[in-house]
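Working through the structure, step by step
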Amino acid sequence: MASMIHVVFPVGPLQCNCSVIGDERTREALVIDPGDDIERVLAILEQHQLSVKQIVITHGHIDHIGGAMRLKAATGAPILMNEGDLEQIALLEVQAAWIGVAPPGPVTIDALLKDAGSVNAGGLRASVLHTPGHTAGSSCLYFPEEKKLIAGDTLFAGSIGRTDLPGGSFTKIIDSLHGRVLALPDETIVIPGHGPATTIGEERATNPFLQRK
Ligand SMILES: [Zn+2]
């Protein structure tokens, strides 16, 4: 199997976890959720001699997508996102005002992330899980070979994504978590959209939102 370079680092004022994932052999890469700090993303790509093939957005909130157009301008890589969040990126100026940052300008999505589809970098492959709830278009990326889940704001260590923003649904996020996310093996490493990594087993056992009464 292809060996994976994976650098996770927080970007922007809300400290969104951005992932740079590269195939050590082909040097092809995915960047997931380049919310901000694009100079740092580019420095990491340079340091590992990686070339970005796809920019993948777990959901259309500004802290996850705010730097995507700058990264596309610098690398030429297309931006992928689920179509359910096109309405979110139409509201990026409103989102920017909520958190007090400069609006990033218009964002163009080049290809749609579809449930059960996949994204690739060299020999690395992730399947796309559409996991609505935090937003209508929220998606997780699962790397089966590496047993790793990039969870966006669907699942956090000890918590789950908020559902009180436009497009959010508590019923849907709980369905997504039980139906899709907890279907993954316990040893799966979870990289949430914010905060520390965890595992599916740990969250299944202890996350207060996932305990069935
Ligand atoms: Zn979010």
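Okay, so let's go over this structure. (Residues numbered from 1 in each chain as written. Predicted model: local features only at pLDDT ≥ 70, side-chain atom pairs only at ≥ 80, totals over all residues. Heavy atoms only, no water.)

1. Section: the coordination of the zinc ion
Protein-derived ligands of the zinc ion are His-59 (NE2), His-61 (ND1), His-134 (NE2) and Asp-153 (OD), with the metal-ligand distances lying across 2.1 to 2.5 Å. Geometry at the zinc ion is irregular, judged from its 4 donor atoms and the angles of 88 to 170° they form at the metal. Taken in sequence order, the residues that donate to the zinc ion follow the motif H-x1-H-x72-H-x18-D. Here His-59 is found in the loop between β4 (51-56) and α2 (62-65), whereas its partner Asp-153 is found in the loop between β10 (148-152) and β11 (155-156), with 94 residues between them in sequence. Classification of His-59 as buried rests on a relative accessible area of 0%. Classification of Asp-153 by relative accessible area gives buried; the value is 5%. (Donors = N, O, S within 2.8 Å, 3.2 Å for Na, K, Ca; no water. Tetrahedral: all angles 85-135°; square planar, octahedral: opposite > 155°, others 65-115°. Helix = DSSP H or I, 4+ residues; strand = E, 2+ residues; numbered from the N terminus. Buried < 20%, exposed > 50% of the residue type's maximum accessible area, 1.4 Å probe, protein only.)

2. With respect to the sheet that holds β10
Spatial ordering of the open sheet is given by β7-β8-β9-β10-β13-β14, a layout of 6 strands whose pairing is mixed. The open sheet is flanked by β7 (118-121) and β14 (198-199), the only strands paired with a single partner. Bridging between strand β13 (residues 189-192) and β14 involves 2 bridges; their strand directions are antiparallel. Pairing of Ile-189 across the sheet is with Thr-199, part of β14. (Pairing = 2+ DSSP bridges.)

3. With respect to the sheet that holds strand β1 (residues 4-11)
Strand order across the open sheet formed by 6 strands is β1-β2-β3-β4-β5-β6, with mixed pairing between neighbours. What marks the edges here is a single partner per strand, and that holds for β1 and β6 (111-112). In the packing of helix α1 (residues 38-47) onto the sheet, the strands contacted are β1, β2 (16-23), β3 (28-32) and β4, and the crossing angle to β1 comes to about 160°. Taken strand by strand, helix α3 (residues 68-75) contacts β3, β4 and β5 (79-81), and its axis lies near 155° from that of β4. (Contact = heavy atoms within 4.5 Å. Axes fitted to C-alpha atoms, helices over the stretch in contact; angles between N-to-C directions.)

4. Points about the environment of Gly-158
Structurally, Gly-158 can be placed in the loop between β11 and β12 (159-160). In this structure, the C-alpha to C-alpha distance between Gly-158 and Leu-42, residues 116 residues apart in sequence, is 31 Å. Setting aside chain neighbours within four positions, we find Gly-158 in contact with Glu-203, Asn-207, Pro-208 and Phe-209.

5. Focus: the packing of α1 against α3
Remark: α1 packs on α3, axes separated minimally by 10 Å, with the N-to-C direction vectors making an angle of 40°. Classified by the angle between their axes, α1 and α3 sit oblique to one another. Handedness of the α1/α3 crossing: right-handed. For the pair formed by α1 and α3, the contact residues are Ile-38, Glu-39, Val-41, Leu-42 and Leu-45 on the first element and Arg-70, Leu-71, Ala-74 and Thr-75 on the second. Residue composition of the contact of α1 with α3, grouped by class: 6 nonpolar, 1 polar and 2 charged. (Parallel < 35°, antiparallel > 145°, perpendicular 65-115°, else oblique. Left-handed = near helix turned anticlockwise from the far one by under 90°. Nonpolar A, V, L, I, M, F, W, Y, C, P; charged D, E, K, R; others polar.)

6. Describing unusual backbone geometry
Phi angles above zero are rare outside glycine, and Gln-15 is one such case at about 55°. Secondary-structure assignment places Gln-15 in the loop between β1 and β2. For Gln-15, a relative accessible area of 43% translates into the label partly exposed.

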